[in-house]
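Structural overview
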Amino acid sequence: MALPQRKTDVGPPHYKQFLPPVIQKNYGKWKYHEVITPGSMVHVAESGDKLWTVRCASPRILSTDTIREIADVADKYCGGYVRFTTRNNVEFLVSEEKQLEPLMKELKSKKYTIGGIGPRITNVVHTQGWVHCHGACTDASGLVKSMMDELYDYFTTKELPNKVRLAVACCVNMCGAVHCSDIAVVAVHTKVPVINHDTFKNMCELPTVIGSCPTRAISPDPAKKSIKINEEKCMYCGNCFTVCPPIDIKNPERDGVAIVVGGKINSLRSNPKFSKLVIPYISNEPPRWPKVVAAIKHIVEVYAKNARKHERIGEWIERIGWEKFFKLTGIDFTFQCIDDFTFMRDTMRTASTFKW
Amino acid sequence: MAGKKYNTPLIDDLEKGPWPSFVTEMKKAAKNNEMANDALGHLEKCYSTKRGYWKHGGIVGVLGYGGGVIGRYSEIGDEFPGVAHFHTVRINQPSGFFYNSKALREICDIWDKYGSGLTNVHGSTGDLVLLGTKTEALEPIFAEYSSRGWDLGGSGSALRTPSCCVGPGRCEWSNYDTLDLTYALTQEFQDELHRPTFSYKFKIKSSGCACDCVAALARADLSIIGTWKGDIKIDQAEVKNYAKKMDINAEVVNMCPTQCMSYDGKELKINNAECNRCMHCITRMTKALRPSGERGATLCMGSKAPIVVGSLLSWVIVPFIKLEPPYTELKELIRKIWDWWDENGKPRERIGEVIEIKGMRSFLEAIGVPPQPQQIKEPRKDPFMFYTDADIEGFKAKEAEEKKTGKYKF
Amino acid sequence: MEKEELKNKIYAFCEAAKGKKKLKEKDIIKGVSEAESVPGDEVKKALREMIDVGKLMYSYGGGASSVEIPSEEYLREKGLIK
Ligand code: HEM
Ligand code: HEM
Ligand code: HEM
Ligand code: HEM
Ligand code: SF4
Ligand code: SF4
Ligand code: SF4
Ligand code: SF4
């Protein structure tokens, strides 16, 4: 069959055709919203019109079968209108109140996970991992599944002092932008890369490779027409591997994950914050990563018990102090927690006022 | 399908438990699809050996474009021929991730015909990601989608697909039309999006208020955060209703970062001159409190992930800009920003890094933005400053003026 | 300068760099425009036309995009040669 004529630079379809009539009518004229259940909310317009939303988790990797199923459900209850959230949730957009209950019922019978609204854990931002990326030190989807099976109730029902946003990045590129999450898992290499000198000269540009290293660990090795890496300077960021495939940094026995906490992206109450390292290393243990899951659950529980209402994890820790956080959680404080990269001068303490 | 049946005990374990399983999704796709089936076997191998087998991206794409397709090949393609090529196609999502059932089915039908049937809805960039196809399918895929009004997203050293929060589509807090702005910028910069001419990637993300639901401040080179200039209007009747449900002093007044609120059990007061518009009170009492006056956004620049010398959050560059169609001021500013980056950036330097290297002054002067205290947390604390001759002449001229008027102007 | 002649110059510029330096679009525009005293916009236009018909192509490697002369494999895949 002949292919249709290709077009270039058409851009995305205009969003307006995908807005349900009630949104088109009340566009920009919303008055307030109320969270009805952990997975449903209603937005009320100045005109009095209402729009109900039902939010469900998705594993982000979706088969076309499941997308079609979502389309079918949307046709049945939502006039076909549905949207997705930045954090990989599906939102069914309901214009008639009488459709709300039947929709929730059908979603439950189809085993959809409804929730994620309000002071809870919502879906986990994550990256491709072993499913699809070359640099991955771990599998993001498997970690997310393992974490959320364990934290399930915090998505569907249980409340926390405030939202807890989780993320997983499968290498320090952090596509998944873990650096401002309440709790994030970032996969790390821990061993200096191995260079294949034979293929190096054909595949890589020497100055580019040398320039790629943030710690200047790489220097030329003229004898081999290749490079050498200073083991004392390399901190395994993998940037050289990115620019030059013959540099291999994958190491199944040494690749693992680190846990960072206390980041936040909004400006509510306090300014956005980066997440900070608290656990420097846990071995990769597919398929369930039990120690990683236990560590995250533990941190969530200590936070739930100790924080004040509306405090995010980072705000709670700043109030009590990091020394207190390590004490409350019982997490060992290690050399890795002291910055020796770009931020030392900002992160060392310069006063004798701390807690025991 | 005559596909090989793989034994996958490790990833099968990830079908158990209540959270939706990506393995189940992969198996659904694998039922009718050789590529998805081999992707399952391939992933099981990763789990059993604790390492990945994907090679660096290769050079694939559609004719004329330099992005939108990410080349992916397996090191062990002989063992798993279905994923020997397993390229990603990024489809530019509609603003706010809104769809209807017809559009979703259209996307699925084409994808089933040419690819693995696996997707990411959505990829972290915002694109709808089609996961896994062969090189020879790329041109047909592009013809099918583009003829129906879908285009590819960005990748490589180009403008990446802009994305935004739900904004006026469904949120009472939005200070400008995030959906429209994102659509307008995406259309305006189609060339920059599809044809990589930058030093490195450039991301634009738009949030309607300081809640920043798309995490623009942390993951966009240009982060557009909605805000306002007027007072917060208070509906005292609604305040009374909230008082029945919550402790307004503990949960709102005492958590106000600028201590500009008070509540005596009857009336809520805000000293608006001191408010820094953090949104805390408004999110707690959405029925009672609303911003008023001029609406617009704060433009921040430079955030990026830790590669290479540490992560950055975006810095405030333009404290306030009005954002109304056709957004001429913003579009012109963006072009000026790119011109400066183009002049000064080396390959693989994000704009935030270039600003650090060349200095904020060079950047601000180039784009015509004056220095303002809203841009900083605090002024510099070292004395190692640059003075141009013109600076000193300026200071001297001011002093001469003072001598004339007899009045100091600091 | 005639467009065809300009295109030949651009092609030669890319050929000279082949295997030595990855050229960004900007490098080509700057390089050719300086060497031939042609406005950058004209070079850019000609370059785009060449990319649109597969005479040159965008490439990606080492984390950054570049422009290069297409391989036979690429041309075959695009149906531009047999
Ligand atoms: C108390 C404060 C907050 C309230 C009342 C609130 C309310 C909401 C509402 C109503 C939505 C749904 C928007 C929509 O799509 O229609 C939403 C979405 C979202 N909010 Fe907030 N928000 C708050 C704080 C935050 C904070 C602190 C963050 C991030 C750090 C955040 C991040 C998000 C994100 C990422 C979404 C998209 C939801 C998703 O993708 O699942 N919000 N929020
Ligand atoms: C030099 C460095 C980098 C290289 C070589 C690189 C490479 C890649 C590749 C090959 C993919 C595609 C994954 C796939 O679908 O197979 C990807 C995805 C992505 N990358 Fe990068 N990346 C780099 C740095 C970054 C950085 C620093 C960020 C962000 C901060 C980033 C953000 C992303 C995002 C958001 C995706 C999409 C991931 C998703 O949708 O799950 N990348 N990157
Ligand atoms: C709502 C939730 C979030 C989603 C859906 C999300 C998703 C993503 C995605 C897809 C990317 C890849 C960016 C791209 O290639 O365009 C990314 C990058 C990033 N994200 Fe997030 N993220 C979220 C929250 C956060 C938060 C809360 C932070 C931190 C505060 C954060 C920090 C980053 C950073 C630093 C990057 C890399 C930015 C860059 O250099 O391009 N993300 N995120
Ligand atoms: C241009 C650069 C600088 C010069 C030429 C300079 C010079 C001096 C001199 C001559 C003294 C007096 C020493 C004495 O009492 O015998 C001094 C003291 C001092 N300087 Fe600097 N300084 C410079 C930069 C800085 C900076 C950047 C800092 C800190 C951020 C700093 C912190 C101090 C301190 C703490 C003292 C001791 C003050 C005291 O004892 O009362 N100096 N400096
Ligand atoms: S975080 Fe690293 S390994 Fe994971 S998808 Fe991004 S670049 Fe690939
Ligand atoms: S892994 Fe990073 S630190 Fe180590 S040599 Fe490579 S670029 Fe340098
Ligand atoms: S960023 Fe603000 S305006 Fe946009 S959806 Fe979130 S809360 Fe609403
Ligand atoms: S917006 Fe923030 S600073 Fe302003 S009154 Fe409300 S809580 Fe206080």
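This write-up is about the structure you can find in this document. Given the structure is predicted, the values throughout are model-derived calculations rather than measurements.

1. Considering the site of ligand 7
- Around ligand 7, the neighbouring residues are Cys 165, Val 166, Cys 171, Trp 173, Ser 174, Ser 207, Gly 208, Cys 209, Cys 211, Asp 212 and Cys 213 of chain B.
- Residue composition of the shell around ligand 7, grouped by class: seven nonpolar, three polar and one charged.

2. Here's the deal with the interface of chain B and chain A
- At the interface, 120 residues of chain B touch 111 residues of chain A.
- Carbon and sulfur atoms make up 60% of the area that chain B and chain A hide from each other, which totals about 10,300 Å².
- Linking chain B with chain A are twelve salt bridges, by the criterion used here.
- For Glu 46 of chain A, the salt bridge goes to Arg 290 of chain B, with nearest N and O atoms at 2.8 Å.
- At the boundary of chain B and chain A, one finds 62 residue pairs in polar contact (both at pLDDT 80 or more).
- Among the elements that line the side of chain B that touches chain A, the one with the most residues is helix 4 (residues 101–114) of chain B, at ten residues.
- When the residues that make up the side of chain B that touches chain A are grouped by side-chain class, the tally is 57 nonpolar, 32 polar and 31 charged.

3. Some thoughts on the packing of helix 1 (residues 3–17) of chain C against helix 2 (residues 25–36) of chain C
Residue and element names in this part refer to chain C.
- Remark: helix 1 packs on helix 2, axes separated minimally by 10 Å, with the N-to-C direction vectors making an angle of 120°. By the angle between their axes, helix 1 is oblique relative to helix 2. Considering the relative orientation of helix 1 and helix 2, their crossing is right-handed. Packed against helix 1, whose contacting residues are Leu 6, Lys 9, Ile 10, Phe 13 and Cys 14, the element helix 2 presents Asp 27, Ile 28, Gly 31, Val 32 and Glu 36 at the interface.
- Among the residues making up the contact of helix 1 with helix 2, the classes are represented as six nonpolar, one polar and three charged.

4. Quick notes on the pattern of salt bridges
- The tally for this structure, following the rule as stated, stands at 57 salt bridges over all chains.
- Of the charged contacts in the structure, one is a salt bridge between Arg 170 of chain B and Glu 91 of chain A, with a shortest N-O distance of 2.8 Å. Separated into two different chains, Arg 170 of chain B in the loop between strand 6 (163–164) and helix 6 (178–188) and Glu 91 of chain A in strand 6 (residues 90–94) make up a pair that spans both.
- Residues Asp 221 of chain B and Arg 350 of chain B are paired through a salt bridge, measuring 2.9 Å at the closest nitrogen-oxygen approach.

5. A closer look at the pairing of strand 2 (residues 88–91) of chain B
All names here are of chain B.
- Burial along strand 2 is two-sided: the residues Thr 88 and Arg 90 and Val 89 and Ile 91 are all buried.
- The pairing of strand 1 (residues 69–70) with strand 2 spans two bridges and is classified as antiparallel. Pairing of Val 69 across the sheet is with Val 89, part of strand 2.
- Relative to strand 5 (residues 128–131), strand 2 runs antiparallel, the two sharing four bridges. Bridging from a neighbouring strand, Ile 91 pairs with Leu 128 of strand 5.

6. Section: the environment of Lys 398 of chain B
Residues and elements named next belong to chain B.
- Along the chain, the position of Lys 398 falls in helix 15 (residues 389–405).
- Residues Lys 398 and Ser 207, spaced 191 residues apart in sequence, show a C-alpha to C-alpha distance of 41 Å.
- Every residue in contact with Lys 398, bar those within four places of it in the chain, is listed here: Lys 409 and Phe 410.

7. Quick look at the nonpolar core
- Ranked by internal contacts, the top residues of the largest apolar core, which has 75 residues, are Ile 183 and Ile 259 of chain A.
- In terms of residue count, the dominant contributor to this core is helix 9 (residues 290–306) of chain A (eight residues).
- Here Ile 259 of chain A is in contact with Ile 183, Ala 184, Lys 276, Leu 277, Val 278, Ile 279, Ile 282, Val 292, Ala 295, Ile 296 and Ile 299 of chain A, once residues within four sequence places are set aside.
- Of all hydrophobic cores here, the second largest spans 65 residues; its members include Leu 51 of chain A together with Ile 91, Ala 103 and Leu 130 of chain B.

8. Some thoughts on the environment of Arg 277 of chain B
Residues and elements named next belong to chain B.
- Secondary-structure assignment places Arg 277 in the loop between strand 11 (268–270) and helix 11 (280–284).
- Arg 277 gets classed as partly exposed once you look at its relative accessible area, which sits at 32%.
- Each C-alpha atom, one on Arg 277 and one on Pro 257, is 9.7 Å from the other, the two residues being 20 residues apart in sequence.
- Beyond its immediate sequence surroundings of up to four residues, Arg 277 is in contact with Ala 210, Thr 227 and Trp 228.
- In this structure the side chain of Arg 277 is engaged in a polar contact, spanning 2.5 Å, whose partner is the side chain of Thr 227.

Rules and cut-offs
- Residues numbered from 1 in each chain as written.
- Chains lettered and ligands numbered in written order.
- Predicted model: local features only at pLDDT ≥ 70, side-chain atom pairs only at ≥ 80, totals over all residues.
- Heavy atoms only, no water.
- Near = heavy atom within 4 Å.
- Nonpolar A, V, L, I, M, F, W, Y, C, P; charged D, E, K, R; others polar.
- Contact = heavy atoms within 4.5 Å.
- Buried area = accessible area lost by both parts, 1.4 Å probe.
- Salt bridge = Lys/Arg side-chain N within 4 Å of Asp/Glu carboxyl O.
- Polar contact = N/O pair within 3.5 Å; in protein donor to acceptor, adjacent residues only side chain to side chain.
- Helix = DSSP H or I, 4+ residues; strand = E, 2+ residues; numbered from the N terminus.
- Axes fitted to C-alpha atoms, helices over the stretch in contact; angles between N-to-C directions.
- Parallel < 35°, antiparallel > 145°, perpendicular 65-115°, else oblique.
- Left-handed = near helix turned anticlockwise from the far one by under 90°.
- Buried < 20%, exposed > 50% of the residue type's maximum accessible area, 1.4 Å probe, protein only.
- Pairing = 2+ DSSP bridges.
- Core = buried A, V, L, I, M, F, W, Y, C linked by side-chain atoms within 4.5 Å.

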